[in-house]
Amino acid sequence: MGTDKFVSRHIGPRDHEIDTMLKQVGASSLDELIEQTVPSSIRLDKPLNIGKGLTERQYFRKIHDIAQQNKVYNTYIGMGYYDVITPAVITRNVLENPVWYTSYTPYQAEISQGRLEALLNFQTVVTELTGMELANASLLDEATAAAEAMIMLFNARSRKQAKAGVNVLFADENMWPQTKEVLITRAKPMGIELEFGDIHAFECNDKVFGVMVQYPNSNGTIESYKELTEKVHANGCRIAVAADLMALALLTPPGEWGADVVFGTTQRFGVPMGYGGPHAAFFATKEELKRQLPGRIIGVTKDVNGKRALRMALQTREQHIKRERATSNICTAQALLATMAGFYAVYHGEEGIKRISERIHTAASQIAREVQKLGYKQMNAQFFDTIRFELPEGVKLEDIERFSLDLEMNFRYFENGQVGISIDETTNLFDVNWIIEVFAKAAGKDIPVIGNFSDEVSVAPELLRTSSFLTQDVFTKYRSEAEMTRYIKKLERRDISLTHSMISLGSCTMKLNASTEMFPLSWIEFNGLHPFIPTNQALGYHMMMDELRGDLSEITGFADVSLQPNSGAAGEYAGLLVIQAYHENRGEGHRNVSIIPASAHGTNPASAVMAGMKVVVVKCDDNGNIDVEDLRAKAEEHKENLSNLMVTYPSTHGVFEESIIEVCQIIHDNGGQVYMDGANMNAQVGLTSPGHIGADVCHLNLHKTFAIPHGGGGPGVGPIGVAKHLVEFLPQHSVIDNGRTGISAVAAAPWGSASVLPITYGYIKMLGGEGLTQSTKMAILNANYMASHLKEGYGILYTGKNGRVAHEMILECRHFKADSGITETDIAKRLMDYGFHAPTLSFPVHGTLMVEPTESESLQELDRFISAMKSIYAEIKEVENGTADKEDNVLKNAPHPAYKVVSDEWNHSYGREKAAYPLEYIRENKFWIDVARVDDAYGDRNLVCSCEPIESYMED
């Protein structure tokens, strides 16, 4: 590998080390290992047609040239997307910092205390501004959050309502159009009837379970919903409110007039528009609905020594754990973006956010006054940031558009010929005057000049907020950049990420997120574009996305790819809807049975339920493979109603199943389609493909196989590839023509989380076809190298027919419990003392650890992890043979936080050195843990999910 080639930077082991690794695994060459691992029946017979990999410098120039094709105008379209000023301290220390963007979802709380605090801050911001009791740690976008609110209220119906078949949600016709479309998409499979109408004419009836409104609404109007809320509640219904979080610094929060759910986007809190995302949606509710709240909740607890600690509360509510009993398929959040939004609030505090909010409103007020003087009629008397004008006679809409584009500005144009202007925090005095100039020119009037901003608030007093917010200590202390930087760094030191050590999570593919891939995220040419601008202002984006779709189609063996789904679970859902649309188009809309192997990812059955499917589970045989005869029997039994099979390949057990082509054929023979979960695509690229195997649809986790970072639990991106006969059913969009004519939108933005797509684009372009294939081979070698070392002692639960694993393996840990009392959880916690994040715990088989090293880890790092696992095995043996106490041992007491190791009091039967430095290499780079093992039960019994004084929730 020449060091000028990106592949040499992406892949960990060096050329001279590969022979050593092959000798260890018992293969004469890398190709022989692949032949022994990947069934010959599914291997590709020609290389990927993607071209030669670019050097990092060549790619940098290419992506820079692409960026220049995007035009960055001042955009006043609004509709849930606004230009922002991201504080440089947050851009530099969070968005561009691999400690924050390469960490994993905080399932292992003890090594995630920093991002857990950042997310707790986020939840606090949401509850404080909305006036609600409880918030989650973010959802995907505002439109899908609306759908989650609809489904949550549907599931929260009284028994009487459910028994009576109450199924109508009344939604205000003045909600964002993209939100309305996603509501339509999600309502149909759930049997929910949607009614859009004039909220002022709404009358409750016995068919309605909930009402949904926008605050302020799509016209920019601020409505008072207090009386409506009282009427809704009096009729046994609930109300959900889509709210502008920045506006709530000025307006009465919905919680104060009785809302049951409040949701929206935190994009305005320092997160760039990014041509549609990713952005962190928020979702808040009353505590009485906490058990039905979708997504993750960060809660306060204590560790085993009584120290305050944070964790993901009510973890059994994670929808993929509930499988087919799920009420949502939410798996990914938007943790990185939620962290940025939370830090934005920490940095500005109450006074700063109020000042920004008032400045936005007063700028809009001045424009409203001046434009009305020019003869235009304002259509919304009460507004926050958005003003809507009716044009006077003789003024042409095309003139408004032409003059605004001449000044590089975008306005919103309504179907009835009216014009909307939405102001944001970047709008300055020059911008205000340019906006007024456009209206003056179009009307043929003299151009007025505004000399300074007014401080006048023009909202009616009864609509204004009187309550304070964000008075907690964390939101008052960090105003200077020096102090803010130190706070961010303090939290950063409490988290393990890929900057510390490998994260060997099976099924999660925590590989290198290369710096060259990440650079464009900070460029205004990519992050400064509104998703609803004319497409000729985003030519660079479309050039890149067209190439990316072509490359992903080649990699997957499919005809086309939709980039719209903004998470893996959203990709699953979209793929299933595409399959259903295909069946319906053929007059077979009754097909609603989804066959899913028992080993499948939990999101598979959850997504199937959300798509209106009946789930039928297929057994696995003793070797962990799909039981083909059971599959055949169930496919034939349900052939009249069979919609699809959802299958992961290689299997969730880490094996290339030999029967996969037969499995696909059985489904096709019985009228179904094959949906392939792309979670394990990292073992396929360049060697085989879903299309080659026989699948019809596959979602791709760009945050796994294709190098987008996990960001502490999100963003995720889940585009879907489809065979030729399904292309016409890929999701369209109601606001912007995305070139599709299929199912209605599954995400708020036409191309989903577009601003992170340059990462995957760069990954593919710099590796090229040869590098992509080599990466897959090395992922398989790294996994088999690790398996060869750990099979003695732990044991590898499942292997292929030649004794090989794919790109991951399951370590058997169940036998330890009987002999020593040590569990897989104890092993996971002890690994923290060795400086490692645990592998995937008890999935897909309870009592095991699933390990995936990825191709990016060096031989040295693999050996360090292997040494740690072998050392832990020796510690287990000490417990088994009585050398170590069965209760007071390094495993049961793990992890050992710094405060305990340095304490004057040490009452354990083993020494501090054994606790903190079990291997010599740890002394060179010790990751000191902040808390001991957390008390999960205490946290669930005493649910606290926002920042409060410690004395209010901790025991004496």
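Residues numbered from 1 in each chain as written. Predicted model: local features only at pLDDT ≥ 70, side-chain atom pairs only at ≥ 80, totals over all residues. Heavy atoms only, no water.

**Observations regarding the overall build of the chain**
For clarity, the cut-off: Helix and strand definitions follow DSSP, with helices as H or I runs of at least four residues and strands as E runs of at least two, each counted in order from the N terminus. Radius of gyration here is computed from C-alpha atoms only, and the compact-globule reference equals 2.2 Å multiplied by the residue count raised to the power 0.38. We call a residue buried when its accessible area falls under 20% of the maximum for its residue type, exposed when it is over 50%, and partly exposed in between, using a 1.4 Å probe and counting protein chains only. Whether two residues touch is decided by their heavy atoms; if any such pair falls within 4.5 Å, the residues are in contact. We treat Lys and Arg as the positive residues and Asp and Glu as the negative residues; His and chain ends play no part in the count. Every charge is mapped onto a representative atom, which is NZ of Lys, CZ of Arg, CG of Asp or CD of Glu.
Broken down by element type, the chain carries 31 helices and 25 strands. Here the C-alpha atoms of the chain give a radius of gyration of 28 Å, agreeing with the 30 Å that 2.2 N^0.38 yields for 956 residues. Along the first, second and third principal axes, the C-alpha set of the chain runs to 85 × 70 × 65 Å. A total of 956 residues make up the chain; the buried ones form 65% of that total. Across the chain, the fraction of contacts at a sequence separation of at least 24, relative to all contacts at a separation of at least 6, is 76%. Of the side-chain charges in the chain, 90 are positive and 122 negative, and the distance between the mean point of each set is 2 Å.

**Brief notes about the packing of aromatic side chains**
Definition in use: In summary, the pairing rule links any two rings of Phe, Tyr or Trp, Trp by its six-membered ring, whose centres are within 6.5 Å, and it sorts them by plane angle into stacked for under 30 degrees, edge-to-face for over 60 and tilted for everything else.
This structure, assessed with the given rule, holds 33 aromatic pairs. With 4.5 Å between their ring centres and 35° between their planes, phenylalanine 170 and phenylalanine 202 make a pair best called tilted. Taken together, the residues phenylalanine 170 in strand 3 (residues 168–172) and phenylalanine 202 in the loop between strand 4 (193–197) and strand 5 (208–215) connect sequence positions 32 residues apart. Note on phenylalanine 170: relative accessible area 7%, which makes it buried. Considering the side-chain rings of tyrosine 225 and tryptophan 257, the 5.9 Å spacing of their centres and the 55° angle between planes classify their relative orientation as tilted.

**Some details on the pattern of salt bridges**
The cut-off we apply is this: Whenever a carboxyl oxygen of Asp or Glu lies within 4 Å of a side-chain nitrogen of Lys or Arg, that contact is scored as a salt bridge.
For the coordinates displayed, the defined rule picks out 45 salt bridges. Residue lysine 634 is joined to aspartate 630 by a salt bridge in which the shortest nitrogen-to-oxygen separation is 3.3 Å. With lysine 634 and aspartate 630 both in helix 22 (residues 628–637) and four residues apart, the pair spans about one turn of that helix. What emerges from the salt-bridge pattern is a single network uniting Lys62, Glu547, Asp551 and Lys765.

**Quick notes on the side chain of arginine 933**
The condition is simple: Distance and chemistry together define a polar contact, namely a pair of N or O atoms within 3.5 Å, with one atom able to donate a hydrogen and the other to accept it when in protein, and with adjacent residues in sequence counting only for side-chain atoms on both sides.
Tracing the sequence through the fold places arginine 933 in the loop between helix 30 (912–916) and helix 31 (936–941). At 2.9 Å, the side chain of arginine 933 and the backbone oxygen of leucine 891 are in polar contact. Sequence-distant contacts of arginine 933, defined by excluding residues within four places in its chain, comprise Glu110, Asp303, Val304, Thr825, Asp826, Lys829, Leu891, Lys892, Asn893, Ala894 and Pro895.

**Quick notes on helix 13 (residues 335–373)**
The α-helix advances 3.6 residues per turn, and as a result positions three or four apart in sequence lie on the same side. We apply this condition: How far a helix is expected to stretch is found by multiplying one less than its residue total by 1.5 Å. One fitted axis covers the seven residues ending at a residue, a second covers the seven starting there, and the bend at that residue is the angle between these axes.
Relative to the 57 Å expected for 39 residues at 1.5 Å per residue, helix 13 spans just 46 Å between its end C-alpha atoms, considerably shorter than the ideal helical length. At glycine 349, helix 13 shows its maximal bend, which comes to roughly 100°. Taking burial as the measure, the 39 residues of helix 13 include 31 buried ones, the bulk of the element. Glycine 375 sits one or two residues past helix 13 and shows a positive phi near 105°.

**What about the sheet that holds strand 17 (residues 593–597)?**
Applied cut-off: Pairs of strands are assigned from DSSP output, requiring at least two bridges between the strands. Fitting a line to C-alpha atoms yields each axis, with helices limited to the stretch in contact; the angle taken between N-to-C directions then spans 0 to 180 degrees.
On the basis of which strands lie adjacent, the open sheet formed by seven strands has the order 16-22-21-20-19-17-18 and mixed pairing. The open sheet has two free edges, formed respectively by strand 16 (560–562) and strand 18 (614–618), since each of these has just one partner strand. Sheet twist, expressed as the mean angle between neighbouring strand axes with direction ignored, is 25°. Relative to strand 18, strand 17 runs parallel, the two sharing five bridges. Across the sheet, serine 594 pairs through a bridge with valine 615, a residue of strand 18.

**Quick notes on the pairing of strand 5**
Inclusion rule: Place the viewer so that the strands point away; then a crossover is right-handed whenever the path from the first strand over the helix to the second strand goes clockwise.
Burial within strand 5 is extensive, with eight of its eight residues counted as buried. The pairing of strand 3 with strand 5 spans four bridges and is classified as parallel. Looking across to strand 5, one finds that leucine 169 is bridged to glycine 210. Handedness of the crossover joining strand 5 and strand 6 (residues 238–243) through helix 11 (residues 226–234) is recorded here as right-handed.

**What to know about helix 14 (residues 397–406)**
Here is the rule we go by: The reported arc concerns the directions from the helix axis to the C-beta atoms and nothing else.
Along helix 14, the positions that sit buried rather than exposed are Asp399, Ile400, Phe403 and Ser404. Projected down its long axis, helix 14 shows its buried positions confined to an angular sector of 125°, all on one face. Where the residues of helix 14 are buried, they touch strand 13 (409–410), strand 14 (412–413), strand 15 (419–422) and helix 15 (429–443). Just downstream of helix 14, glutamate 408 is the residue with a positive phi angle, here 55°.

**Side note on the packing of helix 8 (residues 142–155) against helix 10 (residues 177–190)**
The condition is simple: Orientation categories follow fixed angle ranges, with anything under 35 degrees roughly parallel, anything over 145 roughly antiparallel, 65 to 115 roughly perpendicular, and all other angles oblique. By convention, the crossing between two helices is left-handed when the near helix turns anticlockwise from the far helix through less than a right angle, and right-handed when the turn is clockwise. Amino acids are sorted into nonpolar (Ala, Val, Leu, Ile, Met, Phe, Trp, Tyr, Cys and Pro), charged (Asp, Glu, Lys and Arg) and polar (every other residue, Gly among them).
Taken N-terminus to C-terminus, the directions of helix 8 and helix 10 make an angle of 40°; their axes are 8 Å apart at the nearest point. Between helix 8 and helix 10, the angle falls in the class oblique. Once helix 8 is placed against helix 10, the crossing between them reads as right-handed. Every residue of helix 10 that contacts helix 8 at Glu142, Ala143, Thr144, Ala146, Ala147, Glu148, Met150, Ile151 and Phe154 is listed here: Gln178, Thr179, Val182, Leu183, Arg186, Ala187 and Met190. Considering only residue class, the contact of helix 8 with helix 10 consists of 10 nonpolar, three polar and three charged.

**Here we look at the packing of helix 27 (residues 824–833) against helix 28 (residues 859–880)**
Where helix 27 contacts helix 28, the axes come no closer than 10 Å and their chain directions differ by 125°. Here helix 27 lies oblique to helix 28, going by the angle between them. Crossing handedness for the pair helix 27 and helix 28: right-handed. Between helix 27 and helix 28, the contacting residues are Ile827, Arg830 and Leu831 on the first element and Phe865, Ala868, Met869, Ile872, Glu875 and Ile876 on the second. Its residues assigned to classes, the contact of helix 27 with helix 28 comprises seven nonpolar, no polar and two charged.

**Examining unusual backbone geometry**
Proline 216 follows tyrosine 215 through a cis peptide bond whose omega is -10°. Its location among the elements puts proline 216 in the loop between strand 5 and helix 11. Residue proline 895 is reached from alanine 894 by a cis peptide bond, and omega for that bond is -5°. By secondary structure assignment, the location of proline 895 is in the loop between helix 28 and helix 29 (898–901). Positioned with a positive phi, serine 138 is a non-glycine residue whose angle comes to about 110°. Along the chain, serine 138 turns up in the loop between strand 2 (134–135) and helix 8. With a relative accessible area of 1%, serine 138 lands in the buried category.

**Remarks on the confidence of the model for the chain**
Regions with low pLDDT should not have their predicted coordinates read in detail. Selection rule: The pLDDT value expresses, per residue, how confident the predictor is, ranging between 0 and 100.
Mean pLDDT over the chain works out to 95, with 97% of the residues at or above the 70 mark. Contacts of residues 950–956 to residues separated by more than four positions or lying in other chains number 14 contacts, the stretch itself having pLDDT below 50.

**Re the sheet that holds strand 12 (residues 386–390)**
With antiparallel pairing, four strands are arranged side by side in an open sheet as 11-12-15-14. With one partner strand each, in any of the chains shown, strand 11 (377–378) and strand 14 form the two edges of the open sheet. The sheet contact formed by strand 12 and strand 15 spans four bridges and is antiparallel. Bridge assignment links isoleucine 387 to a residue of strand 15, and that residue is isoleucine 421.

**Side note on empty space enclosed by the protein**
The line we're drawing: Of the two site types, the cavity is a set of points on a 1 Å grid over the protein atoms alone where a 1.4 Å probe fits but cannot get out, and the pocket is an open set with protein on both sides within 12 Å along at least five of seven lines, each lined by residues with an atom within 4 Å of a point. Grid points are joined across faces, edges and corners, and a volume is the space filled by probe spheres set on the points.
Applying the stated criterion across every chain yields a total of nine cavities of 30 Å³ or more. By volume, the largest cavity is sized at about 170 Å³. Considering the residues around the largest cavity, the lining is formed by 20 residues, among which Leu95, Pro278, Leu337, Leu521 and Ser755 are closest to the centre. Of the residues forming the lining of the largest cavity, the biggest block, three residues, is contributed by helix 13.

**Considerations on the layout of surface pockets**
Empty space within the second largest pocket amounts to approximately 660 Å³. Considering the residues around the second largest pocket, the lining is formed by 25 residues, among which Met79, Arg412, Tyr413, Phe414 and Glu415 are closest to the centre. If you list the elements that add at least two residues to the lining of the second largest pocket, you get helix 10, helix 14 and strand 14.

**Structural notes on the pairing of strand 15**
Note on strand geometry: in a regular strand, side chains alternate between the two faces of the sheet. Burial along strand 15 is two-sided: the face carrying Val419 and Ile421 and the face carrying Gly420 and Ser422 are both buried. With two bridges joining them, strand 14 and strand 15 adopt antiparallel strand pairing. The residue bridging arginine 412 from the neighbouring strand is glycine 420, located in strand 15. Counting the residues that bridge the hairpin from strand 14 to strand 15 gives five residues, and of these glycine 417 lies at a positive phi of roughly 95°.

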